[in-house]
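A look at the structure
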Amino acid sequence: MILTHRNHHGIDIIALSGRLVIADVPEVRQKLLATVEQGNGKLILDLAEVNFMDSSGLSVLVSAFKAARAKNGDVALLHLNPTVRSLIELTRLQQIFAIFDDEAAALTRLSS
Amino acid sequence: MILTHRNHHGIDIIALSGRLVIADVPEVRQKLLATVEQGNGKLILDLAEVNFMDSSGLSVLVSAFKAARAKNGDVALLHLNPTVRSLIELTRLQQIFAIFDDEAAALTRLSS
Amino acid sequence: MTRVIRLEIDSRPECIELLSDALCGVCRRLPATEIDRINLAMVEAVNNAVEHAYRGEPGHPVWVELELASDHLRVRVCDRGQPMDPHHLEAELIEPDPADPATWSMRSRGLFIIRNCMDEVRYETRDGVNILAMNRRLANDPSA
Amino acid sequence: MTRVIRLEIDSRPECIELLSDALCGVCRRLPATEIDRINLAMVEAVNNAVEHAYRGEPGHPVWVELELASDHLRVRVCDRGQPMDPHHLEAELIEPDPADPATWSMRSRGLFIIRNCMDEVRYETRDGVNILAMNRRLANDPSA
Ligand SMILES: Nc1ncnc2c1ncn2[C@@H]1O[C@H](COP(=O)(O)OP(=O)(O)O)[C@@H](O)[C@H]1O
Ligand SMILES: Nc1ncnc2c1ncn2[C@@H]1O[C@H](COP(=O)(O)OP(=O)(O)O)[C@@H](O)[C@H]1O
């Protein structure tokens, strides 16, 4: 599920892949929370390779967002495919997540 | 299952499509036997669009062959895809069916 | 002509993907966006059976009945666990507000998603079997 | 990690395609030629359950258990109909000879095909359930 993790000037960029569903939630949640805890709470999640997500996947995104906000950080979502985007929009989570198609734009937002 | 039926100088050319399996066998068998009965017993079966066949499909081919031979005719198979070809070869039916990738060659064979 | 297939797994998270794969195979003739929403609704319902009806316990059956007709697809997700209070079906979405942490909910989106993906949703318990029955009207015949 | 899904239909020819579609979905990560042979073996076994075990009668259950492991796929085709004489499993193919009409057989290829598509095939009847159990060893992990 976790594809790569890199750090760009204090911003963590994590790329996920495949299905983000109940079976993968414990591992992904743990990884995201550990990253927020060890870093600055500024997190970009690259979902380009995530082709299916359910509400348990959404809950992982929200828990990373909560943890990031507790450190005055933020979470940005990058490269949503149409299926994932429509799920996010259906559940109105675009109201709390900044969503980008361009990594540079996401980095600029989280740097400010 | 039956796609098209045309007659070329006394040779019947029938193109099938989709799955040739138990659910389709009664309809296809009836069509092939009626064609052999009404025609010269010279039949080309174009299987280009048949993507799956089981042993009940093979039995339909064989029953058309039997009927054709009873009229001193023959059955040629045209355009086998790899899946269908390997099923024919596994069951050694290439020993009784003439198999062609080219319609003109099949027509020449059945005209002789 | 209506045809039915029943798909059954054990109540373990890692088996849910098998149901998705089987459902997508059976629905392969539908448009991709249609398959996506039917699959999502099924997965949410199966998640609930595994997580809530069986409280996360493996070793129990969860099954899905797919009924394919020319103008609709019916999906019934069934379990023998604890029944759900049917009022949960009507719950509205909590609007996430960036200024209000109380709205950053981690849960309670599954049934909302199901209602939005499908045209009709009903829940009933009969002879110890809980059934979430969902219907999707189709423009394209999935069996043609 | 071994995972199992069970697929069940009524003993009607037009439902067999649903089993094929579900199986192909579940096996989607395997190479296409591998899916083809496993699907063909399953269809032949289901045909036999419908045609022979239930003598073509609808209204009876036929189910398929797919067990996915990292190095094999096990397929069990099950029915509650009339058991098969296990000797049929060993029957050899009749070589078709263009000069000998007696070899133009219309039947008796299903079990030969099954034996050739799969690595191990066993038949047993237990508690009134007939099981044709087939195993296919895999180079590629279907669950990876
Ligand atoms: N199959 C079920 N059996 C029992 N209770 C259920 C079932 N499905 C849902 N529920 C109850 O309904 C609530 C809302 O479900 P849902 O909208 O799917 O969100 P979530 O499962 O994320 O809480 C659950 O928290 C649970 O209390
Ligand atoms: N599931 C079954 N139950 C009962 N008898 C069977 C079953 N499968 C096969 N048989 C018997 O074995 C014979 C050979 O089967 P098979 O090789 O599949 O060819 P076919 O079904 O075309 O005759 C059948 O004709 C039938 O008598």
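Everything below is about the structure printed above this text.
Described in the following lines is the structure provided in the data block. The written sequence of each chain sets the order in which its residues are numbered from 1. To read the labels, note that chains go from A and ligands from 1, taken in the order they are written. Local features are withheld for residues below a pLDDT of 70 in this predicted model, meaning they are given only at 70 or higher, and side-chain atom pairs are given and counted only at 80 or more; totals for whole chains, interfaces and linings count all residues. Excluded from the side-chain calculations are hydrogens and water; all other atoms, namely the structure's heavy atoms, are used.

Residue and element names in this part refer to chain D. In the neighbourhood of ligand 2, the contacting residues comprise Asn48, Ala49, His52, Ala53, Gln82, Met84, His88, Arg107, Ser108, Arg109, Gly110 and Leu111. Taking histidine 88, its side chain carries an N or O atom lying 3.3 Å from an oxygen atom of ligand 2. Here a polar contact is taken to be a pair of N or O atoms separated by no more than 3.5 Å, where protein atoms must pair a possible hydrogen donor with a possible acceptor and residues adjacent in sequence count only if both atoms sit in side chains. Note that an oxygen atom of ligand 2 is positioned 3.3 Å from one of the backbone N or O atoms of glycine 110. Per-residue and other accessible areas were derived by the Shrake-Rupley procedure at a 1.4 Å probe size, with only the shown protein chains allowed to occlude residues. For ligand 2, whose accessible area on its own is 530 Å², the fraction buried by protein is 83%. A run of H or I in DSSP becomes a helix once it reaches four residues, and a run of E becomes a strand once it reaches two; helices and strands are each numbered from the N terminus. Among the secondary structure elements, those contributing two or more residues to the shell around ligand 2 are helix H2 (32–53) and helix H3 (110–117). In terms of residues, the shell around ligand 2 owes the most to one element, H2, which gives four residues. Side-chain classes are defined by residue name, with Ala, Val, Leu, Ile, Met, Phe, Trp, Tyr, Cys and Pro counting as nonpolar, Asp, Glu, Lys and Arg as charged, and the others, Gly among them, as polar. Looking at side-chain class alone, the shell around ligand 2 contains four nonpolar, six polar and two charged residues. In these notes, residues near a molecule or strand are those with any non-hydrogen atom within 4 Å of it.

Of the residues lining the interface, 22 residues belong to chain D; the matching set on chain C comes to 22 residues. Buried area between chain D and chain C, summed over both chains or domains, comes out near 1900 Å², and the portion from carbon and sulfur atoms is 53%. When two components associate, each loses some accessible surface as probed by a 1.4 Å sphere; the sum of these losses over both components is called the buried area. When the area that chain D buries against chain C is broken down by residue, the three leading residues are D:Arg3, D:Leu18 and D:Asp21, summing to 30%. For salt bridges, the criterion is a side-chain nitrogen of Lys or Arg within 4 Å of an Asp or Glu carboxyl oxygen. Seen at the junction of chain D and chain C, the total is eight salt bridges. Residues C:Arg3 and D:Glu17 are paired through a salt bridge, measuring 3.4 Å at the closest nitrogen-oxygen approach. Between the two partners, chain D and chain C, sit 12 residue pairs in polar contact (both at pLDDT 80 or more). Tallied by class, the residues present in the side of chain D that touches chain C amount to 11 nonpolar, two polar and nine charged. Pairing between two strands is assigned when DSSP locates at least 2 bridges connecting them. Note: strand E1 (residues 3–10) of chain C against strand E1 (residues 3–10) of chain D, three bridges, orientation antiparallel. Opposite C:Glu8, over in E1(D), you have D:Arg6 as the bridge partner. Whether two residues are in contact is decided by their heavy atoms, any of which lying within 4.5 Å being enough.

The next thing to look at is the interface of chain D and chain B. Frequently, the measure chosen for interface size is the accessible area that the parts lose on association. Counting from both sides, the interface comprises 24 residues of chain D and, opposite them, 22 residues of chain B. Both sides together, the interface formed by chain D and chain B hides about 2100 Å², and carbon and sulfur atoms give 67% of it. Inspection of the chain D/chain B interface yields one salt bridge. B:Arg92 is paired through a salt bridge with D:Glu95; the nearest N and O atoms lie 2.7 Å apart. Applying the counting rule to chain D against chain B returns eight residue pairs in polar contact (both at pLDDT 80 or more). Secondary-structure elements contributing two or more residues to the side of chain D that touches chain B are helix H1 (16–26), H2 and H3 of chain D. It is H2(D) that contributes the most residues to the side of chain D that touches chain B, seven residues altogether. Per-class residue counts for the side of chain D that touches chain B are 10 nonpolar, six polar and eight charged.

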